[in-house]
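Okay, here's what each chain looks like letter by letter:
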Amino acid sequence: MIIRLSRTTTAEVQRRMLEIRDEGGVVALGRVLTLVVHTQIGAEEEAIRAANAASREHPMRVIVVSRNPDHVSAREEPRLDAELRVGADAGASEVVLLQCYGEIGSHLLGIVQGLLLPDAPVVAWWPSFMPDRPSGSQLGQIAQRRITDSGKQKDPHGALLSLAGCYTPGDTDLAWTRLTNWRGHLAALLDQPPFETVRSGLVSGDLSNPSVHLMAAWLELRLGVTVEKHEAGDTPVGSSGLHAVELHRETGDSSLTRVRDSVGVLVQPGQPSHHVALSTRGLEDQLAEELRKLDADDMYRQVLLSTLEER
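Participant: When you look at helix α8 (residues 210–223) in this model, what are you seeing that I'm missing?
Facilitator: Helical periodicity: at 3.6 residues per turn, an α-helix aligns residues three or four positions apart in one direction. With 14 residues, α8 should reach 20 Å at 1.5 Å per residue; the first-to-last C-alpha distance of 20 Å fits that figure. Of all the 14 residues making up α8, 10 are buried; the element is thus mostly covered by neighbouring parts of the structure. Of the residues that open α8, the one with a side-chain oxygen 2.9 Å from the backbone nitrogen of S211 is N209. Looking one or two residues past α8, G224 carries a phi angle of roughly 70°, positive in sign.

Okay, here's the thing in structure tokens:
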């Protein structure tokens, strides 16, 4: 069910949500968090689809706040349009879409505050653009977890360095989340013979992709070695940007190389190479992973801050 409200107020949105609850039952029952999504008008649906899919693992209230860029908003008449989505149109969540025009878009905190679930954690997510300092933004101030995507910015590596410069516990970035499968395979690789010290490493991929820099920083931190980064073309669209990781040891090199969008080849000295699942995970899977852990990710903090030392 979708209910549309034009030129409305947050008080009216709250009233209609109470009516829906009275008519259809306590829809907020069992919701574990509030996900607040900040995006631009016209770009909401991809985020809503991802949130709806993730809600099957994490039942939640999804509040999507969208506005036009500042130079457009300055010419608009102030108004608030809203959509309420429940049932089949909202997965296992309930979705409140708030489209802010004109000056209203400057008061995001006041718009969403009355719609948050009581006594439930708040997660803020910027699926496309991101604030200069996520924890200092209006929505970031009320969130226990703040999710950005440096890979979607005009200067992805610069955005990663900006995040490192203003890190606050609770921050995370989907460029880090995209490395989960790679990190799992590499950790398993080092648990197998030969049990030799890694002397150096090499990460190849799209050097404009922040995931490549995070992978190199993670390996250096965990292994205590120097890891070089090389440019490699034709990495799959939408992937982590990684093409291969090589670990140099005395008896030979171990490596993990992506050969297709969802397949990698694992090579170990003295063993036959074999294929492993190395799929490009969808946005809904990345979001679901980040919602499983709402406390600070200390490994991400260490890896992120180490990227500043590279400059």
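Participant: Quick question: what am I supposed to make of unusual backbone geometry here?
Facilitator: Note on backbone geometry: most residues besides glycine have negative phi, and most peptide bonds are trans. Following P193, the chain continues to P194 via a peptide bond in cis, the omega torsion being 5°. By the secondary structure assignment, P194 is in the loop between α7 (180–190) and β9 (200–205). Phi is positive for R7, close to 45°, though the residue is something other than glycine. R7 sits in the exposed class, given a relative accessible area of 52%. The phi dihedral of D119 is positive, around 55°, even though this residue is not glycine. Mapped onto the elements of the fold, D119 is located in the loop between α4 (108–113) and β6 (122–125).

Participant: When you look at the packing of aromatic side chains in this model, what are you seeing that I'm missing?
Facilitator: What characterises a pair of aromatic rings is the spacing of the ring centres plus the angle enclosed by the ring planes. The full count for this structure, using the stated rule, is two aromatic pairs. The interplanar angle of 50° and the centroid separation of 6.1 Å between the aromatic rings of W176 and Y300 together place this pair among those described as tilted. Of this pair, W176 sits in helix α6 (residues 174–177) while Y300 is found in helix α10 (residues 298–308), placing the two residues 124 residues apart along the sequence. Judged by relative accessible area, W176 falls into the buried class, the value being 3%. For Y300, a relative accessible area of 1% puts it in the buried group. An aromatic cluster of at least three residues, connected via ring pairs, comprises Y167, W176 and Y300.

Parameters at a glance
Residues numbered from 1 in each chain as written. Predicted model: local features only at pLDDT ≥ 70, side-chain atom pairs only at ≥ 80, totals over all residues. Heavy atoms only, no water. Helix = DSSP H or I, 4+ residues; strand = E, 2+ residues; numbered from the N terminus. Expected span 1.5 Å × (residues − 1). Buried < 20%, exposed > 50% of the residue type's maximum accessible area, 1.4 Å probe, protein only. Polar contact = N/O pair within 3.5 Å; in protein donor to acceptor, adjacent residues only side chain to side chain. Phe/Tyr/Trp six-rings, centres within 6.5 Å; stacked < 30°, edge-to-face > 60°.

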